[in-house]
Amino acid sequence: MGGWQVTATRPDSRVTMFEVALSDYREFFFVAVGERSVSITMYDTSDETHPEPQTFTFAKPYGWETDLPDEEALLQVWQAVGVQR
C-alpha cells in the first residue's frame, strides 16, 4: 500500500484491530462483525482538529469477508465507511 504501514491484530475471528500509519498520520480501526451487522470505530489520533472517534454500525454488506489479508481487509473497511485514501 505505497508506504502505508498496516498492523492488524485479530483477537477473535469476528474482531480486527487495525493501526494505520504513514509519516505523521496515524489512525486506528476497531472492527467487530456479527451475524447480521458490522460495527467500526475509527480514531485518527493525528487529526488535532477533530479529536473524536467515529463509530459506524450497519447491516453486514453482502460478500463481507473476515479472513482477507490485512491490507485487503483494511480496504474493505475504508470502502464501508466511505473513506478515500
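In case you missed it, the structure is sitting above this.
We now turn to the structure provided with this report. (Residues numbered from 1 in each chain as written. Predicted model: local features only at pLDDT ≥ 70, side-chain atom pairs only at ≥ 80, totals over all residues. Heavy atoms only, no water.)

Notes on the pattern of salt bridges
Here comes step 1: This structure, assessed with the given rule, holds 4 salt bridges.
Here comes step 2: Note that Arg-26 and Glu-19 form a salt bridge whose closest N and O atoms lie 2.8 Å from each other.
Here comes step 3: Judged by its relative accessible area of 39%, Arg-26 is partly exposed.
Here comes step 4: The partner of Arg-36 in a salt bridge is Glu-35, with the nearest N and O atoms 3.5 Å apart.
Here comes step 5: You can call Arg-36 exposed: its relative accessible area is 64%.
Here comes step 6: We classify Glu-35 as exposed; its relative accessible area is 67%. (Salt bridge = Lys/Arg side-chain N within 4 Å of Asp/Glu carboxyl O. Buried < 20%, exposed > 50% of the residue type's maximum accessible area, 1.4 Å probe, protein only.)

Some remarks on the side chain of Glu-27
Here comes step 1: Looking at the element boundaries, Glu-27 is found in strand 3 (residues 25–33).
Here comes step 2: Among the polar contacts listed, one links the side chain of Glu-27 to the side chain of Tyr-25, at a separation of 2.3 Å. (Helix = DSSP H or I, 4+ residues; strand = E, 2+ residues; numbered from the N terminus. Polar contact = N/O pair within 3.5 Å; in protein donor to acceptor, adjacent residues only side chain to side chain.)

Comments concerning the nonpolar core
Here comes step 1: Ranked by internal contacts, the top residues of the largest apolar core, which has 17 residues, are Phe-18, Phe-29, Val-31 and Ile-40.
Here comes step 2: Among the secondary structure elements, those contributing two or more residues to this core are strand 2 (15–22), strand 3, strand 4 (37–44) and helix 1 (70–81).
Here comes step 3: Examining the composition of this core, we find that 5 residues originate from one element, helix 1, more than from any other.
Here comes step 4: If we ignore the near neighbours within four places in the chain, the residues touching Val-31 are Arg-14, Val-15, Thr-16, Phe-18, Val-38, Ser-39, Ile-40, Trp-64 and Val-77. (Core = buried A, V, L, I, M, F, W, Y, C linked by side-chain atoms within 4.5 Å. Contact = heavy atoms within 4.5 Å.)

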